[in-house]
Amino acid sequence: FVQSYYFFYFKHMNIIKLNAIDSTNDYLKNLLLKNALDNYTIVTADFQNRGKGQMGSQWKSETSKNLICSIYINNSNVKLSNQFAINMVVCLAIKKSLNKFNIPQLSVKWPNDIMSGSLKLCGILIENIVKNKLIQDIIIGIGVNINQMKFIDLPNATSVKQITGKYYNTDEILSEIVNDIKFYFNFLKEESLVELQKLYESKLYRLNKVSTFKLPDSNLISGYINGVNDDGKLKIILENDVEESYGIKEISLIN
């Protein structure tokens, strides 16, 4: 449900501010069904009833404490076969933005959580609309823990305020994120996917460190992260020195 909303321009971008909504991603998708949207149309909400994360998980957030937003990008013309490039762009952009707020030990937990040390600071959900094997429209859902201080039943979560001790305006952080997403999309146009992938891999959480992973059958394996494939699968060197690649539904990092 939507309690109230209003439109204004956020540094030449159209932003829709909502008090409460089921999901900012769903709201943008529904808008797109009815109207053509300006590039970088943004929806933010003080509260989400059904915020979505990866693999059907739920993003929980205290009202008005955090950055909850979705960003629409049109005419991306990224090939469907290169869709993981969008994920890399967004992760690199958010990490670059949060670096400006003196957050220590920032990294990207594959495929797209932003970590400070071993604690989760930000979650990302990207939904693509495909036409003729090109990704025509992109909706980027972002949840960044900004000013929330307590996380019930979420022992691995943290916030910018918990880390720095300072209160932050969520619009200030959103502005940085949008500008840095633009920067990395331009980087993608000007540089090769190989360069983007190298950058992304260099920021990976627990890169080249012995880690424990869980398989879908709940069995545990040990190995170390060695980067990602062109299609975004995680490359792991196992105990027998054999490299295997795993998709998002095939493995999860425990520690």
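All right, on to the overall build of the protein then. Within the protein, the regular secondary structure consists of five helices and 13 strands. The C-alpha radius of gyration of the protein comes to 18 Å, within 12% of the 18 Å expected for a compact globule of 255 residues. Principal-axis analysis of the C-alpha atoms gives the protein an extent of 60 × 45 × 35 Å. When the 255 residues of the protein are sorted by exposure, 50% land in the buried category. The contacts of the protein with a sequence gap of at least 6 include a subset with a gap of at least 24, amounting to 59%. Here the protein has roughly 12800 Å² of accessible surface; of this, 47% comes from carbon and sulfur atoms. Computing the positive centroid from 29 side-chain charges and the negative centroid from 25, the protein places the two 4 Å apart.

Let us now look at the packing of helix α4 (residues 170–190) against helix α5 (residues 193–202). Contact geometry for α4 and α5: axes closest at 8 Å, N-to-C directions at 135 degrees. Looking at the two axes, α4 sits oblique to α5. Contact with α4, carried on its side by Y184, F187 and L188, involves L193, E195, L196 and L199 of α5 and no other residues of that element. Its residues assigned to classes, the contact of α4 with α5 comprises six nonpolar, no polar and one charged.

This part is about the environment of K203. Position of K203 relative to the elements: it lies in the loop between α5 and β9 (210–214). When the C-alpha positions of K203 and S81 are compared, they lie 23 Å apart, and in sequence the two are 122 residues distant. Leaving out residues up to four positions away in the same chain, K203 has contacts with L92, K95, S107 and V108.

Counting 63 residues, the largest nonpolar core has L98, I140, I142, I181 and Y200 as its most contacted members. Sorting elements by how many residues they give to this core places helix α2 (residues 84–99) first, with 11 residues. Counting 12 residues, the second-largest nonpolar core is a separate cluster that includes I21, L32, L37 and A45.

On to the pattern of salt bridges. Within the structure shown, the criterion is met by eight salt bridges. Of the charged contacts, one joins D171 and K17 as a salt bridge, the two residues approaching to 2.7 Å between their closest N and O atoms. A residue pair is termed long-range when its members are at least 10 positions apart, and D171 in helix α4 and K17 in strand β2 (residues 14–21) qualify at 154 residues. For K17, a relative accessible area of 19% translates into the label buried. Sharing partners across several salt bridges, the network here consists of D26, K29 and E127.

Glancing now at the packing of α2 against α5. For the pair α2 and α5, interaxial distance at closest approach is 10 Å and the crossing angle is 50 degrees. Considered as vectors, α2 and α5 are oriented oblique to each other. Both α2 and α5 take part in a crossing whose hand is left-handed. Where α2 approaches α5, its residues F84, A85, N87, M88, V89, C91 and L92 are matched on the opposing element by L193, L196, Q197, L199 and Y200. Here the residues of the contact of α2 with α5 are counted per class, giving 10 nonpolar, two polar and no charged.

Next up on the list: the pairing of strand β10 (residues 220–228). Summarising the sheet, β9 and β10 pair through five bridges and their orientation is antiparallel. The residue of β10 that forms the bridge with V210 is Y224. The turn linking β10 back onto strand β11 (residues 234–238) is made up of five residues, and G232 within it adopts a positive phi angle of 90 degrees.

About the thresholds
- Here the residue numbers are simple positions, counted from 1 along each chain's written sequence.
- At least 70 in pLDDT is required for a residue's local features to be given in this predicted model, at least 80 for side-chain atom pairs to be given and counted, and no such filter applies to totals for whole chains, interfaces and linings, which use all residues.
- With hydrogens and water excluded, all non-hydrogen atoms of the structure serve as input to the side-chain values.
- Secondary structure is summarised from DSSP: a helix means a run of H or I of at least four residues, a strand means a run of E of at least two, and numbering begins at the N terminus for each.
- Atoms counted for the radius of gyration: C-alpha only. Globule rule: 2.2 Å times residue count to the power 0.38.
- Each residue's exposure class comes from its accessible area (1.4 Å probe, protein chains only) as a fraction of the maximum for that residue type: buried when under 20%, exposed when over 50%, partly exposed otherwise.
- Should any heavy atoms of two residues lie within 4.5 Å, those residues are counted as being in contact.
- To be clear on the numbers: accessible area is Shrake-Rupley with a 1.4 Å probe, and residue cover counts the displayed protein chains and nothing else.
- Two residue types count as positive, namely Lys and Arg, and two as negative, namely Asp and Glu; His and chain ends fall outside the count.
- For this purpose, a charge sits on NZ of Lys, CZ of Arg, CG of Asp or CD of Glu.
- Axes here refer to lines fitted to C-alpha atoms; in helices the fit is confined to the stretch in contact. Angles between the N-to-C directions go from 0 to 180 degrees.
- Orientation categories follow fixed angle ranges, with anything under 35 degrees roughly parallel, anything over 145 roughly antiparallel, 65 to 115 roughly perpendicular, and all other angles oblique.
- Charged residues are taken to be Asp, Glu, Lys and Arg, nonpolar residues to be Ala, Val, Leu, Ile, Met, Phe, Trp, Tyr, Cys and Pro, and polar residues to be all remaining types, Gly included.
- Throughout this description, the term nonpolar core refers to a set of buried Ala, Val, Leu, Ile, Met, Phe, Trp, Tyr and Cys residues connected via side-chain atoms within 4.5 Å.
- Whenever a carboxyl oxygen of Asp or Glu lies within 4 Å of a side-chain nitrogen of Lys or Arg, that contact is scored as a salt bridge.
- Working rule for handedness: look at the near helix, and if it is turned counterclockwise from the far one by less than a right angle, call the crossing left-handed; if clockwise, right-handed.
- Whether two strands pair depends on DSSP finding at least two bridges between them.

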